[in-house]
Amino acid sequence: SRQTQGEIQSFKSAVGTPLRIAKQDFEDGIGAHAVSFIEYPIDGLFKALEVTVGIDGQTEGRGSAVFRVFVDGKEKASSGTMNGFMASKTLRVDDLAGARRLLLSVIDAGDGNKNDLADWVDGKLYLK
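Residues numbered from 1 in each chain as written. Predicted model: local features only at pLDDT ≥ 70, side-chain atom pairs only at ≥ 80, totals over all residues. Heavy atoms only, no water.

Participant: When you look at the side chain of serine 13 in this model, what are you seeing that I'm missing?
Facilitator: Along the chain, the position of serine 13 falls in the loop between strand S2 (9-10) and strand S3 (19-21). For serine 13, the residues in contact, after removing those within four places along its chain, are Pro18, Leu19, Gly31, Asp56 and Asp119. (Helix = DSSP H or I, 4+ residues; strand = E, 2+ residues; numbered from the N terminus. Contact = heavy atoms within 4.5 Å.)

Dropping the structure here:
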């Protein structure tokens, strides 16, 4: 994993607070900051991915980012531009059969990365 600012966090936001998207708390997930990349070797073991994404509530509405999922170098899902006032979105990729690498990416939405606290929560990989 790589990130341009701070460190990627497990079970908390990128600034160390509890994971929260649109006033909803989450216990399980990853807190990142735009721009970030998290890569997983999946070695053809899974058939689908489902993950909920959003801008962390710590930003109090500020921040905007785009969440993207790549499988073996090809984009398979995108949240579109999300801001801190938006509800979470669930991204799903159903065609993982035979896939070797999974990449979770967050980029800024074209306005710089200030307050771009990005949460990946309740992620699920479904076995073949």
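Participant: Can you help me understand the environment of isoleucine 21 in this one?
Facilitator: With respect to the helices and strands, isoleucine 21 occurs in strand S3. The exposure class of isoleucine 21 is buried, given its relative accessible area of 1%. Separated by 33 residues in the primary sequence, isoleucine 21 and glycine 54 have C-alpha atoms spaced 5.8 Å apart. Filtering out sequence-adjacent residues up to four positions away, isoleucine 21 remains in contact with Phe26, Val53, Gly54, Ile55, Met86, Ala87, Ser88, Asp119 and Val121. (Buried < 20%, exposed > 50% of the residue type's maximum accessible area, 1.4 Å probe, protein only.)

Participant: Explain the sheet that holds strand S6 (residues 36-41) to me, please; I cannot follow it from the model alone.
Facilitator: Backbone hydrogen bonds are what pair the strands of a sheet, in a parallel or an antiparallel way. The five strands lie next to each other as S1-S6-S11-S8-S9, forming an open sheet whose pairing is antiparallel. If you trace the sheet from one side to the other, it starts and ends with strand S1 (2-3) and strand S9 (74-83), each paired once. Pairing of strand S8 (residues 64-71) with S9, which is carried by seven bridges, proceeds in the antiparallel orientation. For valine 66, the partnering residue across the bridge sits in S9 and is threonine 81. (Pairing = 2+ DSSP bridges.)

Participant: Can you help me understand the pairing of S8 in this one?
Facilitator: In the case of a regular strand, side chains alternate between the two sheet surfaces. Burial analysis of S8 places seven of its eight residues in the buried class, the great majority of the element. The antiparallel pairing of S8 with S9 creates a hairpin that spans two residues between the two strands, and aspartate 72 there sits at a positive phi of about 50°.

Participant: Help me out: how do you make sense of the side chain of aspartate 116 in this one?
Facilitator: Mapped onto the fold, aspartate 116 is located in the loop between strand S11 (101-108) and strand S12 (117-127). Here aspartate 116 is buried and forms no salt bridge, its nearest opposite-charge partner arginine 62 lying at an N-O distance of 9.4 Å. (Lys, Arg positive; Asp, Glu negative; His and termini not counted. Salt bridge = Lys/Arg side-chain N within 4 Å of Asp/Glu carboxyl O.)

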